[in-house]
Amino acid sequence: MLSLLRSSRLIFSLVSTTLIIGITGCPQSVSLSGSEIVEPQSAQSNVSPAAANRAATDVQALVSLGPRVAGTPVMDQASAYLIEEYRKAGYATKIQPFSYSKVEDQGSNLIVERTTITGRALNGSEAGNLSASLVAIPNVGQISDFEQVNVRGAIAIVERGEIRFSEKATNAAAAGAVGLIIVNNAPGDFSGSLGDGFDIPVLSLSQEQGRPLLKQAEREQLEITLNVNITERTVTGRNIIAHLAGVDQPSILVGGHYDSVQGSPGANDNASGTAVVLEMARNLANTPLAQQVWFVAFDGEEDGLHGSRAFVREADSQFLSNLKGMLNFDMVGINSALQASGTPTLTALVGTLDQPVSTVEGGIGGSDHVPFASADVPVLFFNRGQDANYHTPNDLQVEADLLNETTQIGLDVIRQVLGSR
Ligand code: BES
Ligand code: ZN
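From a predicted model like this one, the values you see are computed outputs, not experimental measurements.

Parameters and conventions
- Residues numbered from 1 in each chain as written.
- Chains lettered and ligands numbered in written order.
- Predicted model: local features only at pLDDT ≥ 70, side-chain atom pairs only at ≥ 80, totals over all residues.
- Heavy atoms only, no water.
- Buried < 20%, exposed > 50% of the residue type's maximum accessible area, 1.4 Å probe, protein only.
- Helix = DSSP H or I, 4+ residues; strand = E, 2+ residues; numbered from the N terminus.
- Right-handed = clockwise from strand over helix to strand, strands pointing away.
- Near = heavy atom within 4 Å.
- Polar contact = N/O pair within 3.5 Å; in protein donor to acceptor, adjacent residues only side chain to side chain.
- Areas by Shrake-Rupley, 256 points an atom, 1.4 Å probe, with all protein chains shown as cover.
- Nonpolar A, V, L, I, M, F, W, Y, C, P; charged D, E, K, R; others polar.
- Pairing = 2+ DSSP bridges.
- Axes fitted to C-alpha atoms, helices over the stretch in contact; angles between N-to-C directions.
- Contact = heavy atoms within 4.5 Å.
- Expected span 1.5 Å × (residues − 1).
- Arc of directions from axis to C-beta.
- Donors = N, O, S within 2.8 Å, 3.2 Å for Na, K, Ca; no water.
- Tetrahedral: all angles 85-135°; square planar, octahedral: opposite > 155°, others 65-115°.

(A) Up close: the pairing of strand β15 (residues 338-342). The element β15 is extensively covered by neighbouring structure, given that four of its five residues are classed as buried. Taken together, β15, helix α10 (residues 344-351) and strand β16 (residues 357-361) constitute a β-α-β crossover, and its handedness is right-handed.

What follows is the structure, encoded as structure tokens:
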């Protein structure tokens, strides 16, 4: 395990609830089975030993529920856990429900000469089962590329790249194609999104399976059957909003998403950020600063930032314009040094702190700060970069001391923004 090499780190193995402690210069590990927790010697002098495990315990509690997919019963348990923890810390909570439609691929493929090739429906594709001839489109599927062939009533096949999937699909439909296949321009499969509903079925194929088919269609007349099997359902997600009773207008909103993708227990993405936000709330609870902060656990992030979009949509403009900052914590429990990206005034302020955090103006990544930034709220996006277990069943581990370090940095940023240091 890579993390074991970082010997001073406390590693919380969330599958077996085994705690492994490595001590600098003296590699050793202590494993405890069951739910027993060893209290680490905190590196941060301002964190009590009892507090040092709280965020890791929260991560463990959330991960033990299984993947936290928006709209599933697991989210009832996850939200109940968070509500209870905020209550114990002295906060009132509100549940903010919101709904969106979610399209799921139920198994999509094409059949050519009795061979079935599995593909993926692009998000926003129409469902459909149709048989037609296959026409290879030259280049990448610009309007001029479609003008070189007759695709009317046929299924078009084109390579990925250069222009957006939606442009390829628009051009295909405009040229009269009844379906579209997009072949990866790099090894492997890909998933993609067309944006809002398209009226032809669109399937992606791996380069390995798609390229030979594209070449074959250039040489000969082929009849194929395209099956894009998708279902659409309405998902109801729930944001959990916590603040002290009577605090109606915060100056700072601190948040992170608590949902995860299907199949992934989401320890780092994003039980880590959820736990850090909760731990910041516990730290602030008995201080005057708690009068100026709201804490939000967003739902539906993995399906397209639905929780944060709903929050921004439902907030009145004065509430948003009174915010000095929205701090978003996403994937902060393992991996490299903490990074804060976002609004230049806030990244500059982070740069003045004597803390292990680097800053980037502007930003990377799709996460819950984006709808706030679009509404002109100054934002900071805290993360530790892409990790190897991102969106996989192996996203099971966080390091307690990285959660605590992130908590302390977050608290410092809040004090700085609120001018209390
Ligand atoms: N946690 C990720 C964002 C992220 C990625 C943070 C890498 C730090 C490092 C987030 O949950 C996610 O997967 N976002 C999607 C986009 C979103 C709109 C579904 C992404 O980044 O592809
Ligand atoms: Zn995430």
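From this point, the narrative continues.
(B) Expanded view of the site of ligand 1. The environment of ligand 1 is made up of 14 residues, and the closest members are D269, E301, E302, D330 and Y390. Measuring from a nitrogen atom of ligand 1, one finds a side-chain N or O atom of D330 at 2.9 Å. Within the backbone of G366, a nitrogen or oxygen atom sits 3.0 Å from a nitrogen atom of ligand 1. Expressed as a share of its isolated accessible area of 520 Å², the protein-covered part of ligand 1 is 76%. Here the shell around ligand 1 is built from residues that sort into four nonpolar, six polar and four charged.

(C) Highlighting the sheet that holds β16. Taking strand neighbours across the sheet as the criterion, the eight strands line up as β3-β11-β13-β12-β14-β17-β15-β16 in an open arrangement whose pairing is mixed. In this open sheet, the two strands that pair with only one neighbour each are β3 (92-105) and β16. Direction aside, neighbouring strands of the sheet carry axes that sit 20° apart on average. Bridge count for β15 against β16 is five bridges, and the pairing is parallel. In the sheet register, S341 faces β16, and the bridge partner there is V360. Most of the contacts of helix α8 (residues 306-314) go to β3, to which it runs at about 125°, and overall it touches β3, β11 (230-243), β12 (252-257) and β13 (293-298). Together, β14 (325-329), β15, β16 and β17 (379-383) form the strand contacts of α10, whose direction differs from that of β16 by roughly 160°.

(D) Layout of helix α3 (residues 73-88). For α3, with 16 residues, the first-to-last C-alpha span of 23 Å sits near the 22 Å given by 1.5 Å per residue. By the burial criterion, the buried members of α3 are V74, M75, A78, S79, L82, E85 and Y86. All buried residues of α3 lie within an arc of 130° about the axis, which places them on one face of the element. Of the exposed residues in α3, the ones pointing more than 90 degrees away from its buried face are P73 and K88. Lining the buried residues of α3 we find α2 (54-63), β3, β11, α7 (267-284) and β13. G90 sits one or two positions beyond α3 and adopts a positive phi of about 100°.

(E) Examining the coordination of the zinc ion (ligand 2) more closely. Protein-derived coordination of the zinc ion (ligand 2) comes from H257 (NE2), D269 (OD), D330 (OD) and D330 (OD), at a distance range of 1.9 to 2.8 Å. Coordination at the zinc ion (ligand 2) is irregular, judged from the six donor atoms that bind it and the angles of 49 to 161° they form at the metal. As a motif over one chain, the donors of the zinc ion (ligand 2) read H-x11-D-x60-D. Here the residue H257 occupies a position in strand β12, and D269 occupies one in helix α7, the gap between them amounting to twelve residues. The class of D269 is buried, set by a relative accessible area of 4%.

Everything listed here is a matter of coordinates, which is why it stays silent on function.
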